[in-house]
Amino acid sequence: MTCAEAQELITALIDQELGQAERSSLEEHLSECSGCRLAFEEESALKNKIREAARGINAPGHLRSRILSDPRIFTEKSRPARRWQDYLRLMPPLLRPILAFALLLAIALPMFYFSKPASEPIALAALETYDRFLSGDLPVHRTENTDEIVRQLTRAVGGQFHPMGYDLTAMNLRPVAGLVREIDGRKVLVAIYQGQGGTLFCYTFLGSEQDAPTNAARFFEAAKKMNFYAFSRGRVNAVLHREGEIICILASAMPMEELLALAKSKAKPS
Amino acid sequence: MAGERKTEGAERDAFAREAMVHLDHLYRIAFHLAKDEDHAQELVQETFVRALAARHQFNPGTNMKAWLTKILQNLFFDRYQQSKRWISTDDPAGQESNDWKHRPAENPGPESQVLFKELSSNITDALKRIPEEFRAPILLVDMGDFSYAEAAEILACPIGTIRSRLSRGRKLAQQYLAAYVDIEQKGSYRK
């Protein structure tokens, strides 16, 4: 095999698209040719860098909103409700400050007397911690001791259940903190993973698949006979699944398809 | 009649929600195909519109990601490339927009944000300089994780063409990235 002949085969070897015969022939050439070995290493490095760069490019939040509110894509019923700003825009400009003040009073007064969490589905309400954590608004005790995180969280729910403990080191993610949040009287255990792979939250609580938001997309994984529910809140993507009585939600800014694949690979059939 | 409409609406929404899972992937491809960020967003939104209109042509159980990507790719050719199918390498500066260089990272990781943004920007710049015929296979195989067969189906060309264009495209990218690629992070060949 000549070096010129090896070039395209090197590309295919990197992409694992080479048949056995061509692979053997190329490997023999690579073992003898330092120039082609270098070409292989450089092309592998490039592919890794392109993949790494791609992971950081996600659709902007306003594009997601535009698609969700496009009547050519979603029906009226499933589109998000009009925001209060949209109603303000419909008013004559002079009346807008008056209406805004009146709305503020109408909202603020009952809140003052009946301060209580909004009745948002638990799966969506839980995701609030993600942004708060990243903005530094959520004080947590950081520790790299995974066992300690699991012990503390399990103790917080009286040993009723354990947080899902996933090994995500292959994705450059390690557990860095844990916290407990109570939503509508239900305790949610939150394990936080961080690293070069970004940030990932793993929520665990007792519940059922009914806890998935109604507009979540359901995916049935035939191999594991499990349902996976994909949904988003702002820029945070989330995938919910059930293992017995335990509900697990993985949340991250990583692309939904990757998060879904991760959840499917980690989930254990109950 | 009303019941039928309701059922069709629910079916359409379920299809749209399933397609939304691939939004980030489609945006990444569009981001590197289109001239600027506005065009990329328009391309993605129109892809969803076309996909919803043609949803009955989708075969359930087959690869929706590939199906959507093919729609996006065809839309790109129809809309932006009719008069000029491939971007020339002769005048790369003419094809570049500062928007790409200064585009804020949407979801940067908590660590190495500066380095990551720089890497992402350099890769994007390098890919934008590659003629579209060599760039598309890189986007599909390296960014979209498609196999050669899937990429060939999306681009309507033989598998051998995908392989040769990938090889050529990566070499061009290496040339453009020569100033940035960190040699220390090269992959390693294991026999």
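Conventions used here
- Residues numbered from 1 in each chain as written.
- Chains lettered and ligands numbered in written order.
- Predicted model: local features only at pLDDT ≥ 70, side-chain atom pairs only at ≥ 80, totals over all residues.
- Helix = DSSP H or I, 4+ residues; strand = E, 2+ residues; numbered from the N terminus.
- Buried ≥ 20, exposed ≤ 12 C-beta atoms within 10 Å, placed from the backbone.
- Contact = placed C-beta atoms within 7 Å.
- Axes fitted to C-alpha atoms, helices over the stretch in contact; angles between N-to-C directions.
- Left-handed = near helix turned anticlockwise from the far one by under 90°.
- Nonpolar A, V, L, I, M, F, W, Y, C, P; charged D, E, K, R; others polar.
- Core = buried A, V, L, I, M, F, W, Y, C linked by C-beta atoms within 7 Å.
- Pairing = 2+ DSSP bridges.
- Expected span 1.5 Å × (residues − 1).

Examining the overall build of chain A
From N to C terminus, chain A includes 10 helices and seven strands. In chain A, which comprises 270 residues, the share counted as buried stands at 34%. Once local pairs closer than 6 in sequence are excluded, the contacts in chain A between residues at least 24 apart make up 54%.

What to know about unusual backbone geometry
All names here are of chain A. Positive phi, close to 55°, is recorded for glutamine 16, a residue that is not glycine. In this structure, glutamine 16 sits in the loop between helix H1 (3–14) and helix H2 (20–32). You can call glutamine 16 exposed: it has 9 C-beta atoms within 10 Å.

Let's talk about the packing of H1 of chain A against helix H3 (residues 34–55) of chain A
All names here are of chain A. Contact pair H1 / H3: the axes reach a minimum separation of 10 Å and the direction vectors enclose 35°. Seen along the crossing, H1 lies across H3 with a hand that is right-handed. When H1 is examined against H3, the residues Cys3, Ala6, Ile10, Thr11 and Ile14 are found in contact with a partner set consisting of Gly35, Cys36, Ala39, Phe40, Glu43, Ser44 and Lys47. Split by residue class, the contact of H1 with H3 holds seven nonpolar, three polar and two charged.

What to know about the nonpolar core
With 100 residues, the main nonpolar core has Cys202, Tyr203, Ala230, Val239, Ile249 and Leu250 of chain A together with Ala30 of chain B as its most contacted residues. The residues contacting cysteine 202 of chain A, other than those within four sequence positions of it, are Pro163, Met164, Tyr166, Ala191, Tyr193, Cys248 and Leu250 of chain A. If you look at the next biggest cluster of nonpolar residues, it comprises 11 residues, including Ala6, Ala12, Ala39 and Phe40 of chain A.

Considerations on the sheet that holds strand E1 (residues 174–183) of chain A
Residues and elements named next belong to chain A. In space, the seven strands of this open sheet follow the order E1-E2-E3-E7-E6-E5-E4, with antiparallel pairing throughout. Of all strands in the sheet, those with a lone pairing partner are E1 and strand E4 (217–221), marking the two edges. Across the sheet, the axes of successive neighbouring strands diverge by a mean angle of 20°, strand direction being ignored. Where E4 meets strand E5 (residues 226–233), five bridges bridge the pair, whose relative direction is antiparallel. Counterpart to arginine 218 in the pairing with E5 is tyrosine 229. Strands E4, E5, strand E6 (236–243) and strand E7 (246–252) of the sheet are contacted by helix H10 (residues 256–266), whose axis makes an angle of about 20° with E6.

A few points about the interface of chain A and chain B
Each partner contributes residues to the interface: chain A has 56 residues there, and chain B has 55 residues. Sorting the residues of the side of chain A that touches chain B by element identifies H1, H2, H3, helix H4 (61–68), strand E3 (198–206) and H10 of chain A as the ones contributing at least two each. For the side of chain A that touches chain B, the element with the highest residue contribution is H3 of chain A, accounting for 16 residues.

A short note on helix H10 (residues 159–177) of chain B
For an α-helix, 3.6 residues make a turn, and residues three or four places apart therefore share a direction. In a regular helix each residue adds 1.5 Å, so 19 residues correspond to 27 Å; H10 of chain B covers 26 Å between its end C-alpha atoms and thus fits that length. Among the residues of H10 of chain B, Ile162, Arg163, Arg165, Leu166, Gly169, Arg170, Ala173 and Leu177 of chain B are the ones counted as buried.

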